[in-house]
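Below are the chains, spelled out letter by letter.
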Amino acid sequence: SIPLWLDCDPGHDDAMAIYLSLFSPFVNLLGISTVYGNAPLAKTTANTLSLLTAVGKSKDIKVYPGAYKPLFRPVSHAPTIHGESGLDGTKLLPIADDLPMPQGTAIQAMANAINQNPNEITVVATGTLTNIASLIAEHPEVLEKIKYISIMGGGINEGNWSDYAEFNIWCDPEAAKIVLTNDIIKSKVVMVPINLTHQAIATKSILKRVLYGNSSPPESSNFRLMLHELLKFFATTYEEQQGFLDGPPVHDPLAIACLFSLYGLDENVPDHKKINFEFTRYKIDVIQEGYRIGETVEVKLDEQDGVLVGKKMNIPGFWNVFLDAVEKADKV
Ligand code: BDR
Ligand code: CA
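Residues numbered from 1 in each chain as written. Chains lettered and ligands numbered in written order. Predicted model: local features only at pLDDT ≥ 70, side-chain atom pairs only at ≥ 80, totals over all residues. Heavy atoms only, no water.

1. Digging into the overall build of the protein
- Across its full length, the protein carries 12 helices and 9 strands.
- Rg of the C-alpha trace for the protein: 18 Å, near the compact-globule value of 20 Å for 332 residues, within the 12% margin.
- The buried share of the protein, taken over its 332 residues, is 59%.
- Here the protein displays about 13,500 Å² of accessible surface, and carbon together with sulfur accounts for 51% of that area.
- Charge centroids of the protein, computed over 27 positive and 39 negative side chains, lie 3 Å from each other. (Helix = DSSP H or I, 4+ residues; strand = E, 2+ residues; numbered from the N terminus. Rg over C-alpha atoms; globule rule 2.2 N^0.38 Å. Buried < 20%, exposed > 50% of the residue type's maximum accessible area, 1.4 Å probe, protein only. Areas by Shrake-Rupley, 256 points an atom, 1.4 Å probe, with all protein chains shown as cover. Lys, Arg positive; Asp, Glu negative; His and termini not counted. Charge placed at Lys NZ, Arg CZ, Asp CG, Glu CD.)

2. Examining the site of ligand 1
- By nearness alone, every residue bordering ligand 1 is listed as D13, D14, N38, H82, T126, M152, N160, E166, F167, N168, H251 and D252.
- In the model, an oxygen atom of ligand 1 is placed 3.0 Å from a nitrogen or oxygen of the T126 main chain.
- Note that an oxygen atom of ligand 1 is positioned 2.8 Å from one of the side-chain N or O atoms of N160.
- With the chains in place, 97% of the 280 Å² that ligand 1 exposes on its own is no longer accessible.
- Going through the elements one at a time, α1 (12–23) and α6 (167–171) are the ones with two or more residues in the shell around ligand 1. (Near = heavy atom within 4 Å. Polar contact = N/O pair within 3.5 Å; in protein donor to acceptor, adjacent residues only side chain to side chain.)

3. Describing helix α2 (residues 41–54)
- Taking 1.5 Å as the rise per residue, α2 with 14 residues should run 20 Å; its terminal C-alpha atoms sit 20 Å apart, in good agreement.
- Those residues of α2 that sit buried are L41, T44, T45, N47, T48, L49, S50, L51 and L52.
- Contacts from the buried residues of α2 go to β1 (2–8), α1, β2 (27–34), β3 (63–65) and α10 (222–242).
- Among the residues trailing α2, G56 stands out with phi positive, at a value near 65°. (Expected span 1.5 Å × (residues − 1). Contact = heavy atoms within 4.5 Å.)

4. Overview of the confidence of the model for the protein
- Looking at the protein, the pLDDT average stands at 97 and 100% of residues meet or exceed 70.
- Per the prediction output, this complex has pTM 0.98; the corresponding ipTM is 0.99. (pLDDT = per-residue confidence, 0-100.)

5. Here's the deal with the coordination of the calcium ion (ligand 2)
- Each protein donor to the calcium ion (ligand 2) is listed here as D9 (OD), D14 (OD), D14 (OD), T126 (O) and D252 (OD); together their distances run 2.2 to 2.6 Å.
- Counting along the primary sequence, the residues that act as donors to the calcium ion (ligand 2) give the motif D-x4-D-x111-T-x125-D. Separated by 126 residues along the polypeptide, T126 in the loop between β4 (122–125) and α5 (130–138) and D252 in the loop between α10 and α11 (254–262) bring together distant segments of the chain. One exposure class covers both T126 and D252, and it is buried. (Donors = N, O, S within 2.8 Å, 3.2 Å for Na, K, Ca; no water.)

6. Some remarks on the packing of helix α9 (residues 204–212) against α10
- Where α9 contacts α10, the axes come no closer than 7 Å and their chain directions differ by 155°. As far as their axial angle goes, α10 and α9 are roughly antiparallel. Residues L207, R209, V210, L211 and Y212 of α9 lie in contact with α10, whose contacting residues are R224, L225, L227, H228, L231 and K232.
- When grouped by side-chain class, the residues that make up the contact of α9 with α10 number 7 nonpolar, 1 polar and 3 charged. (Axes fitted to C-alpha atoms, helices over the stretch in contact; angles between N-to-C directions. Parallel < 35°, antiparallel > 145°, perpendicular 65-115°, else oblique. Nonpolar A, V, L, I, M, F, W, Y, C, P; charged D, E, K, R; others polar.)

7. Describing helix α4 (residues 106–116)
- Here α4 has its buried residues at A106, I107, A109, M110, A111, A113 and I114.
- Where α4 is buried, its residues contact β1, β2, β3, β4 and α5.

8. Quick look at the environment of S50
- Positionally, S50 belongs in helix α2.
- By relative accessible area, S50 is classed as buried at 3%.
- Sequence separation between S50 and L93 is 43 residues, and the spatial gap between their C-alpha atoms is 5.6 Å.
- Once you skip the residues sitting within four places of it in the chain, S50 turns out to touch L92, L93 and I95.

9. Some thoughts on the pattern of salt bridges
- Taken as a whole and assessed by the stated rule, the structure comprises 12 salt bridges.
- In this structure, D183 and K186 form a salt bridge, with 3.0 Å as the shortest nitrogen-oxygen distance.
- Given a relative accessible area of 60%, D183 falls into the exposed group.
- Among the charged side chains, a network of salt bridges with common partners joins R224, E327, D330 and K331. (Salt bridge = Lys/Arg side-chain N within 4 Å of Asp/Glu carboxyl O.)

Below, the structure written as structure tokens:
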């Protein structure tokens, strides 16, 4: 299985990334770091702990708070999409007050995880790239040991936070530029842009499967109810703010699912659970100023050294894999 570090800002779709990484048989989740983004750092961190609590994992997985603001710019959040809490729409479970405090910083914890899983580990980032840029700056010695850095972010000629920019990149374009252009790391960066994530829509029929699984007669659980409430809220804001009428795109778990393909794990599963991730390597640039700030640009094809820009995925396969993880989470 894939040794994986998750850096996230829950966030409705980050929640789905957390559950996929916890309950996919293909992933060994080593730890989580949090970043400001959809909500302030204190909230994304508390949300993470609460999501872990909902599946009885708050004592197993260490959660390290990372950056509370971008490298150079003022901080911004996305309450119009994720609500004031970052996870509006459900009643979050309270966090136990006897959780062990993690020792050391998020960046140090990430570096340790990399050192302990050399050449195998993937770092997944589903929020702004501030923590990952800090890792690159502070621990250049671990970069060779990373297999992939898989990020949900960017858009090719498509934006969501502006006409040009996707939210995660827009928040900290300097950090994004470091991650997407660093000479040691860029050929290991997997970029899952909105061009791809906008194909993974949580439609009404997906919502039904989240709520009831395959049970007949249809039966739900507290866990399924919570996920369903989160997705319903996400659907409402995405309809109002972004004009998505069929359901919200669930960006973040795709940055994990693509790894099942990249690690060759697709070969061992039936066709209806294959991810079949397709990418093209491009030299990427990130616009740093002006009205196109935060835009990710495919500068030119670079088959040797380019970022792996995600182009296609078997979306029904993704849903089957995700819903399997939900089924498993439900049984704990
Ligand atoms: C990204 O921005 C956040 O709001 C989501 O969690 C996702 O990571 C989509 O642009
Ligand atoms: Ca996110």
